[in-house]
2 protein chains.
Amino acid sequence: MSEIRRHYFLNEYCIVASGRKRRPHDFVKKDKGIRTSAKDCPFCPGNESMTPPENAVYRLGSGRPWDVRCFDNLYPALNKPHGYHEVIVDTPVHDGSPAGFSDEEMNLMVEAYRDRFDFYARKEGISYVSIFKNHGREAGASIYHSHTQLIALPLMPPEIERERSIIKRLDRCPYCSIVDQESGSDRVILENREWIAFSPFYSQVPFEVWILPRRHINNITYMDQAQTSSFIRIFRDILSRLRDALEDPAYNYHFMQTIGEDYHLNIRILPRTSIRAGFELNTGVYIITVPPEDAASFLREVRGIR
Amino acid sequence: MSEIRRHYFLNEYCIVASGRKRRPHDFVKKDKGIRTSAKDCPFCPGNESMTPPENAVYRLGSGRPWDVRCFDNLYPALNKPHGYHEVIVDTPVHDGSPAGFSDEEMNLMVEAYRDRFDFYARKEGISYVSIFKNHGREAGASIYHSHTQLIALPLMPPEIERERSIIKRLDRCPYCSIVDQESGSDRVILENREWIAFSPFYSQVPFEVWILPRRHINNITYMDQAQTSSFIRIFRDILSRLRDALEDPAYNYHFMQTIGEDYHLNIRILPRTSIRAGFELNTGVYIITVPPEDAASFLREVRGIR
């Protein structure tokens, strides 16, 4: 049987078509994309001349020239000063990936996200700063070496504006309600004092995960020490569970947040195991073949570690 | 230089990043998916027992058992009577494709679209009938043999609702304005007395094409004889130009239309040469690397025939 589900607070819908129900293994892709060698990699240490000069570097203090390195995208989507497009190389290790980072590496990457968000958010004329990762060729990555991108925009993007226009009219933050609603639900994958990670009731893709802070904050710069140290663990844990459950799938993650306007920060991870095809393009309704409750159950069971 | 463009009448945006400008050949995909054999194909004549029984068949009168065959999707997204999910096999020819159909074949396929739309639109509780094609594996097709899908929904989908909510407040149909605005523009690929086919000013993907009737009609059932015979030619011509320009790309096409509410039918074709990655997911803003004016120019030049 199939079921139509409405988004928590938007007029958006997904169809859970569980007649097509499948196990995580059915989503494993055989084509893993092109693993390149470190020698020719523009993001590896020693090859810095292959990219524009750095805008910022972050170091763990281990004597490496850098541990996170930020520079202008060589093919920017937007031109300065109307917009900015930066690459954040998350690690000097060619085969590194956040799913396998140490606490210190994870912390440094999040520190870079926060700093670079803040840096661009303060620029005149910037209304939104998009932080996102494309992992794997099917998720849009053209370079193998782990990296994140930041695009600073002179406009409020429709995805955020759509939510904001509803949120403005509500008495209570709908994300605060979602935290209450999902805490302890059968869609929870992990939760702790500061964060909750779950398969959303309304999902656009199988194995989609949302990570929400319990405390209402607009954006990543408001994360305090307790939130940060607990975020890096829950974020890495989710990424490693997805890696193990779906055998290193391509995925995108992105940060939903605002600069000045009231909002509730949330991080969304979308594995690329399905294709947004003609029906989704035509209607905006997503068909998912794994009920979020089952996805959460799979991801809870994958690994016991925290 | 890059340019931010607003949708004709929605609060949607795309970024034309022409610093990344490329020629059509750069979009050609090497992996063409799996070409299956007719012997095992569930959509080939002789294998009808591999699918549910037919709901309707259409014949050209050439003595074949069928030329277009419609049946329930074996794995429906929605269950009757809350929704319907039908497969329309466009041709009995395993390697057939609308880009290469004769006038008669094209006409029969459009007749089937019209009939099946009408059939489901009349069902109680149905608010929208989605007709779409996924061509090629990267566009979501799981079966090689050319087919179209129809999903009848018990709700008005967000993509249409978003447009409707704006259109209701306007004095004039925005699509009628688009017809005026694009007629003779440098984004036109083909136009005739009844139809205009163009690369939209706001595009979500490179080489996107919209086909609009000049005469305002809500849906495909209102197409008169002149519109129909001219549509089948312009539609096939566009599909064949895309095939030739991009070497048989994966693509989706879908019909934007309403059952009872005022709307302006339009058909959208989206080649799958790019990936909707983290930035698009985060913002709803699309980055396109070919200006629509250049895409139109390429597609005008591909073939001279009508």
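These numbers were taken from a predicted model, which means no experiment stands behind them.

About the criteria used
All residue numbers refer to position in the chain's written sequence, counted from 1. Chains and ligands are labelled sequentially in the order written, the chains with letters from A and the ligands with numbers from 1. With the structure being a predicted model, the display of local features is reserved for residues of pLDDT at least 70 and the display and counting of side-chain atom pairs for 80 or more, all residues being used for whole-chain, interface and lining totals. Computation of side-chain values: all heavy atoms of the structure, hydrogens and water removed. UniProt positions are given in the numbering used here, feature names are shortened, and annotations may be inferred rather than shown by experiment. Numbering of helices and strands starts at the N terminus; helices are DSSP runs of H or I of at least 4 residues and strands are runs of E of at least 2. We call a residue buried when its accessible area falls under 20% of the maximum for its residue type, exposed when it is over 50%, and partly exposed in between, using a 1.4 Å probe and counting protein chains only. By the convention used here, residues are in contact when the closest approach between their heavy atoms is within 4.5 Å. Under the rule applied, a polar contact is a pair of N or O atoms within 3.5 Å (in protein, one hydrogen donor and one hydrogen acceptor; residues adjacent in sequence only if both atoms are side-chain atoms). By definition, the buried area sums, over both parts, the 1.4 Å-probe accessible area that each loses when the two are put together. For salt bridges, the criterion is a side-chain nitrogen of Lys or Arg within 4 Å of an Asp or Glu carboxyl oxygen. Strand pairing follows a simple DSSP-based rule, namely that at least 2 bridges must link the two strands. Note on ring pairs: Phe, Tyr and Trp rings are taken, using the six-membered ring of Trp, and paired if centres are within 6.5 Å. Classes follow the plane angle, with under 30 degrees stacked, over 60 edge-to-face and the rest tilted. Consider the ring centre and the ring normal. A charge sits over the ring if Lys NZ or Arg CZ is within 6 Å of that centre and within 35 degrees of that normal. Interaxial angle, 0 to 180 degrees, is taken between N-to-C directions of lines fitted to C-alpha atoms, where a helix line uses only the stretch in contact. Any angle that falls under 35 degrees is termed roughly parallel, while one over 145 is termed roughly antiparallel, one within 65 to 115 roughly perpendicular, and all others oblique. Residue polarity is assigned by list, with Asp, Glu, Lys and Arg as charged and Ala, Val, Leu, Ile, Met, Phe, Trp, Tyr, Cys and Pro as nonpolar; anything else, Gly included, falls into the polar class. Here a cavity denotes a set of grid points, spaced 1 Å apart and computed over the protein atoms alone, in which a 1.4 Å probe fits but from which it cannot get out, and a pocket denotes an open set meeting protein on both sides within 12 Å along at least five of seven lines; residues with an atom within 4 Å of a point are reported as lining. Grid points are joined across faces, edges and corners, and a volume is the space filled by probe spheres set on the points. The copies were overlaid with a least-squares fit restricted to C-alpha atoms from residues scoring a pLDDT of at least 70 in each copy.

**Student:** Before we go on, may I ask you to explain the UniProt feature "active site" (unreviewed entry) in chain A in this structure?
**Tutor:** All names here are of chain A. Feature annotation in UniProt assigns "active site" (unreviewed entry) to the following positions: His147. Along the chain, His147 falls in strand β7 (residues 147-153). The class of His147 is buried, set by a relative accessible area of 8%. Every residue in contact with His147, bar those within four places of it in the chain, is listed here: Phe43, Val87, Ile88, Val89, Asp90 and Lys133.

**Student:** Just checking my understanding: could you explain the environment of Arg6 of chain A for this structure?
**Tutor:** Residue and element names in this part refer to chain A. Position of Arg6 relative to the elements: it lies in strand β1 (residues 2-6). Residue class for Arg6 comes out partly exposed when judged on its relative accessible area of 35%. Taking the C-alpha atoms as reference points, Arg6 and Phe201, 195 residues apart in sequence, are found 8.3 Å from one another. The contact partners of Arg6, leaving out residues within four places of it in the chain, are Asn11, Glu12, Tyr13, Phe201 and Tyr202. A polar atom in the side chain of Arg6 sits 2.7 Å from the side chain of Asn11.

**Student:** What is the right way to look at the interface of chain A and chain B in this model?
**Tutor:** Size of an interface, as often reported, equals the accessible area lost when the parts are brought together. Residue-level contacts link 52 residues of chain A with 52 residues of chain B. In total, about 4,000 Å² of surface goes out of reach between chain A and chain B, with carbon and sulfur atoms giving 62% of it. For the pair chain A and chain B, the interface holds 2 salt bridges. Among the salt bridges present, the one from Glu12 of chain A reaches Arg162 of chain B, with a minimum N-O distance of 2.7 Å. Put simply, chain A and chain B have 22 residue pairs in polar contact (both at pLDDT 80 or more) between them. Counting only elements with at least two residues in the side of chain A that touches chain B, the list comes to β1, β2 (13-17), β6 (128-135), β7, α2 (158-167), β11 (251-256), α5 (278-283) and β13 (286-288) of chain A.

**Student:** Would you explain the environment of Arg187 of chain B in this entry?
**Tutor:** Residues and elements named next belong to chain B. By the secondary structure assignment, Arg187 is in the loop between α3 (174-182) and β8 (188-191). A sequence separation of 106 residues divides Arg187 from Glu293, and the C-alpha atoms of the two residues are 4.8 Å apart. Once residues within four sequence positions are removed from consideration, Arg187 is found in contact with Arg5, Tyr8, Glu182, Ala197, Phe198, Ser199, Pro200, Phe201, Pro292, Glu293 and Ala296.

**Student:** Help me out: how do you make sense of the side chain of Asp72 of chain B in this one?
**Tutor:** Looking at the element boundaries, Asp72 of chain B is found in strand β4 (residues 68-72). Once residues lying within four places of it in the same chain are set aside, the contact partners of Asp72 of chain B are Pro52, Asn55, Lys80, His85, Glu86 and Tyr120 of chain B.

**Student:** Just checking my understanding: could you explain the pairing of strand β5 (residues 84-89) of chain B for this structure?
**Tutor:** As a general feature of sheets, a regular strand has side chains that alternate between the two faces. All names here are of chain B. Across the 6 residues that make up β5, a large majority, 6, are buried. Relative to β5, β4 runs antiparallel, the two being bridged by 4 bridges. Bridge pairing in β5 links Cys70 to Ile88. By the bridge criterion, 6 bridges tie β5 to strand β7 (residues 147-153) in an arrangement that is antiparallel. The partner of Ile88 across the bridge, within β7, is Thr148.

**Student:** Quick question: what am I supposed to make of the packing of aromatic side chains here?
**Tutor:** Each aromatic ring pair is characterised by the separation of its centres together with the angle its planes make. Counted according to the given criterion, the structure contains 38 aromatic pairs over all chains. Between Phe231 of chain B and Phe235 of chain B the ring centres are 4.9 Å apart and the planes differ by 20°, which places this aromatic pair in the stacked class. In this pair, Phe231 of chain B and Phe235 of chain B are both assigned in helix α4 (residues 225-246), 4 residues apart and thus about one turn of the helix distant. Take Phe231 of chain B and Phe235 of chain B: they sit in the same class, and that class is buried. Arranged with centres 6.3 Å apart and planes meeting at 70°, the rings of Tyr253 of chain B and Phe255 of chain B form a pair that is edge-to-face. Just as Tyr253 of chain B is buried, Phe255 of chain B falls in that class too. Here the aromatic residues Tyr8, Phe9, Tyr175, Phe198, Phe201, Trp210 and Tyr263 of chain A are joined through ring pairs into a cluster of three or more. The ring of Phe119 of chain B is capped by Arg116 of chain B, whose NZ or CZ atom sits 4.5 Å from the centre of that ring.

**Student:** Any chance you could explain the environment of Val89 of chain B here in plain terms?
**Tutor:** All names here are of chain B. Tracing the sequence through the fold places Val89 in strand β5. When the C-alpha atoms of Val89 and Ala112 are compared, they prove to be 9.8 Å apart, with 23 residues separating the residues in sequence. Excluding anything up to four places from it in sequence, Val89 contacts Phe43, Trp66, Asp67, Val68, Arg69, Phe71, His145, Ser146 and His147.

**Student:** Mind showing me how you'd approach the packing of helix α1 (residues 103-121) of chain B against α4 of chain B here?
**Tutor:** Residue and element names in this part refer to chain B. In the contact formed by α1 and α4, the axes pass within 10 Å of each other and the chain directions differ by 110°. Relative to α4, α1 is oriented roughly perpendicular. On α4, the residues touching Asp103, Met106, Asn107, Met109, Val110 and Arg114 of α1 are Thr228, Phe231, Ile232, Arg233, Phe235, Arg236 and Leu239. Its residues assigned to classes, the contact of α1 with α4 shows 7 nonpolar, 2 polar and 4 charged.

**Student:** Explain the layout of surface pockets to me, please; I cannot follow it from the model alone.
**Tutor:** Taken as a whole, the second largest pocket spans an internal volume of roughly 620 Å³. Contributing to the lining of the second largest pocket are 20 residues, with Arg162, Ser165 and Ile166 of chain A together with Arg162 and Ser165 of chain B lying nearest its centre. Every element with two or more residues in the lining of the second largest pocket is listed here: α2 of chain A together with α2 (158-167) of chain B. Counted by class, the lining of the second largest pocket contains 8 nonpolar, 4 polar and 8 charged residues.

**Student:** For this particular structure, what's the right way to read the relation of the copies chain A and chain B?
**Tutor:** Superposition of the two copies of the chain requires a rotation about an axis together with a shift along that axis. For the match of chain A to chain B, the screw axis carries a shift of 0.0 Å, the RMSD comes to 0.0 Å, and the turn is 180°. What we have between these two chains is a two-fold relation. Minimal C-alpha separation from the rotation axis in chain A is found for Arg276 of chain A, amounting to 4.6 Å.

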